[in-house]
Amino acid sequence: MAFASRLALYPLARLTLAALLAIAPAVARAGAQIEEELAANVQNLLHRSVSDYPAPHLVFATEVEGRAWLADMSSRLAPKIQDAQTRRDFLTTVQYEASRAGLDPQLVLGLIQHESNFRKYAVSSAEARGYMQVMPFWVRQIGNADHDLFNLRTNLRYGCTILRYYLDRENGDYFRALGRYNGSLGRPEYPNAVLAAMRRWERTASSTGGGDADAARLGANTSSSR
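Model, not experiment: these values are computed from the prediction. (Residues numbered from 1 in each chain as written. Predicted model: local features only at pLDDT ≥ 70, side-chain atom pairs only at ≥ 80, totals over all residues. Heavy atoms only, no water.)

Caption draft 1: Region of the structure containing helix α4 (residues 84-100). Between its terminal C-alpha atoms α4 stretches 24 Å, which fits the 24 Å expected from 17 residues at 1.5 Å a residue. Every buried residue belonging to α4 is among R87, F90, L91, T92, T93, V94, Q95, Y96, E97, A98, S99 and R100, and all of these are buried. Capping the start of α4, D83 holds a side-chain oxygen 3.4 Å from the backbone nitrogen of Q85, two or three residues further along. Where α4 terminates, the next one or two residues include G102, which has phi positive at roughly 75 degrees. (Helix = DSSP H or I, 4+ residues; strand = E, 2+ residues; numbered from the N terminus. Expected span 1.5 Å × (residues − 1). Buried < 20%, exposed > 50% of the residue type's maximum accessible area, 1.4 Å probe, protein only. Polar contact = N/O pair within 3.5 Å; in protein donor to acceptor, adjacent residues only side chain to side chain.)

Caption draft 2: Region of interest: the packing of aromatic side chains. Here the structure, examined in full by the defined rule, presents nine aromatic pairs. For the pair F90 and F118, a centre-to-centre distance of 5.8 Å together with 75 degrees between the ring planes defines the contact as edge-to-face. Taken as a pair, F90 in helix α4 and F118 in the loop between α5 (105-116) and β2 (123-124) lie far apart in primary sequence, 28 residues in all. Here F90 and F118 have matching classes, each one buried. Measuring from centroid to centroid gives 5.4 Å for Y165 and Y166, while their planes differ by 40 degrees, and the two rings are tilted. Three or more aromatic residues joined by ring pairs make a cluster, and in this case those are F90, F118, Y131 and W201. (Phe/Tyr/Trp six-rings, centres within 6.5 Å; stacked < 30°, edge-to-face > 60°.)

Caption draft 3: Fine view of the pattern of salt bridges. Inspection of the entire model under this criterion finds ten salt bridges. In this structure, D72 and R76 form a salt bridge, with 3.0 Å as the shortest nitrogen-oxygen distance. Of this pair, D72 and R76 are both found in helix α3 (residues 63-77), four residues apart, which corresponds to roughly one turn of the helix. Judged by its relative accessible area of 16%, D72 falls in the buried class. By relative accessible area, R76 is classed as partly exposed at 27%. (Salt bridge = Lys/Arg side-chain N within 4 Å of Asp/Glu carboxyl O.)

Caption draft 4: Layout of the nonpolar core. If you look at the biggest cluster of nonpolar residues, it comprises 50 residues, and the most contacted ones within it are F90, L109, I112, M132, W138, Y158 and Y181. At the level of secondary structure, the elements contributing two or more residues to this core comprise α2 (40-51), α3, α4, α5, α6 (137-142), α7 (152-169), α8 (174-182) and α9 (189-199). The leading source of residues in this core is α7, at nine residues. Residue contacts for Y158: discarding those within four places in its chain leaves V50, V134, W138, V139, I142, G143, N144, H147 and L149. (Core = buried A, V, L, I, M, F, W, Y, C linked by side-chain atoms within 4.5 Å. Contact = heavy atoms within 4.5 Å.)

Here you go:
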């Protein structure tokens, strides 16, 4: 399914705008997103997004396309997540949450690879947590006290919602949106690193039947923003 078509299916994608802690956390690379005061309407929209938990499912034009994507990504992810069912659950959630937020799932996979290297309990020196290295202040700002950032669906829901918010704020400029996500706005290191990681997850013309046009547009968008 085309990127624009996937986006049209999910209105929330168009937002304008500690038992687990007992496990020794792995150090991650995340920077420190800057906590800023949110306008009330923005806060309410983001809260609605992270509080809505429909069951994740693959979002593709056809079931065949979805199965092909899942098989391809699962084979690539196997060295990082060895259990097959865990990989399928993870990838289904990534693809659903990314599509719901109007993001390219390959971008989200690249961001996760760079941020946490697919470690569920990763914690950065700035206290960012989980796969997408979400800062805890977001729970206070837009979530609920019982939201656990080490939970797969919660972490990906927050991460995709936050990146979508930054992307809307920067009028579609991925370079600046990724800089805000990392807390390094204006510096090229982080956006470049995420894009490099994303390219490892791009699907070739032979595997997609037509190439990854969305990924190509994203790369062009980011390059032009430097």
